[in-house]
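Results of the structural survey
Take a look at the letters that make up each chain.
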Amino acid sequence: MNNAFEIIGGKPLKGEIIPQGAKNEALQILSAVLLTSEKVTISNIPDIKDVNKLIELLGDMGVVVERLAPDTYSFEAKDIDQNFFQSDAFRNKGGSLRGSVMIVGPLLARFGKAAIPKPGGDKIGRRRLDTHFLGFEKLGAKFNYDPESGFFNVDASDLKGTYILLDEASVTGTANVVMAAVLAKGTTTIYNAACEPYLQQLCKMLNRMGAKISGIGSNLLTIEGVTVLKGTEHRLLPDMIEIGSFIGLAAMTGSEITIKDVHYDELGMIPDVFRKLGIRIERKGDDIYIPAQKHYEIETFIDGAIMTIADAPWPGFTPDLLSIVLVVAIQAKGSVLIHQKMFESRLFFVDKLLDMGAQIILCDPHRATVIGLDNQVQLRGISMTSPDIRAGVSLLIAALSAQGKSTIYNIEQIERGYQHIDDRLRALGADIKRI
């Protein structure tokens, strides 16, 4: 089966690790190849299930896909098979892949119509797609749900630029609406736009293709519609969630690790949040060096109050790293309140950490207080199942720091987001194998 990891923990690791390309950027950038009939070449693509599925889906639609190197592909969306979108194959593939909603904006922009199966995906609370659909409707798209086929049919034969105030600063929602707007007639203004680095990357790439987007990096984007876009080349940023995970891994296992080519200036407050936990992080060129440290002490606020770490839309701290912060805090000196504002069930893996010996008070579905053990007590290895991608990696870090053997089941959840994670950890000296 090979769908579990067996980990013997408690060993310090050492060495260099290279973060993979950013998954969330990949899903947007890959969808954008549909906006032009010319060739688009993309490098630093992570070799993970969700991304590979989307590449396969593009091929099924009629995009000519060539793999030029392990992490580099070219895409040419000259002839798209419009009938494919009504097929069972599309329903089965598109329905199982949350990223597939990202193809809707480009399809509407270029062909004036699209169909989408009702979406499924990760168990982290209900992620709504309303933001996407409301944005398309404001541009003039008409939605028609067909309960028999389970598809939304969208007619967008006449998209016109308009003022759009997004109901939430959704990254995928913003990206999707931007892609629809670049070929609409007239000017579109998007306020409360997400401004994540991944979205900035998408906008810069679209501008290289001939789009006219200004306000990149802010929450107010202005898009002047153009009639046609051309091909380009693009390299994905490294995945900041992986970078944060490796910082946490180094601290928790007392390891000396260098994380290579991190695009430091695009990491926002991520390094600073880990510094608040007392972790020493040194920037060396474009690498992050973390020395081996026996102890790290959580800062308090200036008035002595307990540190709170909460997520917020970018440039706030990403919700994807809160579970990593929570795990790393277990062995810190001091206490911290973790407040997960944006999703409602991301903290439900805490029970596994309690079984391992962590001191955590789960206050409610959104808040947990971690009382650091200061490495006075080691966690103990247990058997556990991973509920979602982020929790999976957090549990992996806990297991690598624990005394004895841990088994993590349901690891396909982890592999949806992290490529060859076991091989890369073994290269640092981790005792991890598939069973």
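Preceding this paragraph is the structure being described.
Presented here is an overview of the structure given in this document. Since the structure is predicted, the reported quantities are computational estimates derived from the model, not experimental observations.

**With respect to the sheet that holds strand β15 (residues 282-284)**
Reading across the sheet, the four strands line up as β2-β14-β16-β15 and stay open at both edges, with mixed pairing between neighbours. Two strands in the sheet have a free side with no partner beyond their single neighbour: β2 (14-17) and β15. Here the strands of the sheet are splayed against their neighbours by 20 degrees on average, with no regard to which way each runs. Here β2 runs beside strand β14 (residues 256-259); their pairing, made up of four bridges, is parallel. Across the sheet, residue Gly 15 finds its bridge partner in β14, namely Ile 257. Strands β2, β14 and β16 (287-290) of the sheet are contacted by helix α8 (residues 240-253), whose axis makes an angle of about 170 degrees with β14.

**Digging into a nonpolar patch on the surface**
On the surface, Tyr 163, Leu 165, Tyr 191 and Leu 220 cluster together into a nonpolar patch covering about 380 Å² of accessible area. Judged by its relative accessible area of 47%, Tyr 163 falls in the partly exposed class.

**A few points about the pattern of salt bridges**
A complete count under the given rule lists 22 salt bridges for this structure. Close ionic contact of Glu 66 with Lys 39 constitutes a salt bridge, the shortest N to O distance being 3.8 Å. Of this pair, Glu 66 sits in strand β4 (residues 64-69) while Lys 39 sits in strand β3 (residues 39-43); the two residues are 27 residues apart in sequence, bridging distant segments of the chain. Judged by its relative accessible area of 39%, Glu 66 falls in the partly exposed class. Relative accessible area serves as the criterion here: at 41%, Lys 39 is assigned to the partly exposed category.

**Re the environment of Ile 241**
Turning to its location among the elements, Ile 241 is positioned in helix α8. Remark: the alpha-carbon pair of Ile 241 and Thr 318, spanning 77 residues in sequence, is separated by 8.4 Å.

**Quick word on the packing of helix α6 (residues 171-181) against helix α7 (residues 197-208)**
Following both chains from N to C, one finds α6 and α7 inclined at 10 degrees, their axes separated by 10 Å at the closest point. Comparing the axis directions of α6 and α7 gives the class roughly parallel. Packed against α6, whose contacting residues are Val 171, Thr 174, Ala 175, Val 178 and Met 179, the element α7 presents Leu 199, Leu 202, Cys 203 and Leu 206 at the interface. When grouped by side-chain class, the residues that make up the contact of α6 with α7 number eight nonpolar, one polar and no charged.

**Remarks on the nonpolar core**
In this structure, Ile 259, Phe 274, Ile 279, Ile 288, Leu 326 and Leu 353 are the most contacted members of the largest nonpolar core, which totals 80 residues. Apart from residues lying up to four places away in sequence, Leu 326 is in contact with Ile 338, Leu 347, Phe 349, Val 350, Leu 353, Ile 360, Ala 368 and Val 370. Counting 72 residues, the second-largest nonpolar core is a separate cluster that includes Leu 139, Phe 151, Ile 190 and Ile 223.

Cut-offs and rules
Residues numbered from 1 in each chain as written. Predicted model: local features only at pLDDT ≥ 70, side-chain atom pairs only at ≥ 80, totals over all residues. Heavy atoms only, no water. Pairing = 2+ DSSP bridges. Helix = DSSP H or I, 4+ residues; strand = E, 2+ residues; numbered from the N terminus. Axes fitted to C-alpha atoms, helices over the stretch in contact; angles between N-to-C directions. Contact = heavy atoms within 4.5 Å. Patch = residues over 30% accessible without salt bridge, like charges linked within 9 Å, V, L, I, M, F, W, Y side chains within 5 Å. Areas by Shrake-Rupley, 256 points an atom, 1.4 Å probe, with all protein chains shown as cover. Salt bridge = Lys/Arg side-chain N within 4 Å of Asp/Glu carboxyl O. Buried < 20%, exposed > 50% of the residue type's maximum accessible area, 1.4 Å probe, protein only. Parallel < 35°, antiparallel > 145°, perpendicular 65-115°, else oblique. Nonpolar A, V, L, I, M, F, W, Y, C, P; charged D, E, K, R; others polar. Core = buried A, V, L, I, M, F, W, Y, C linked by side-chain atoms within 4.5 Å.

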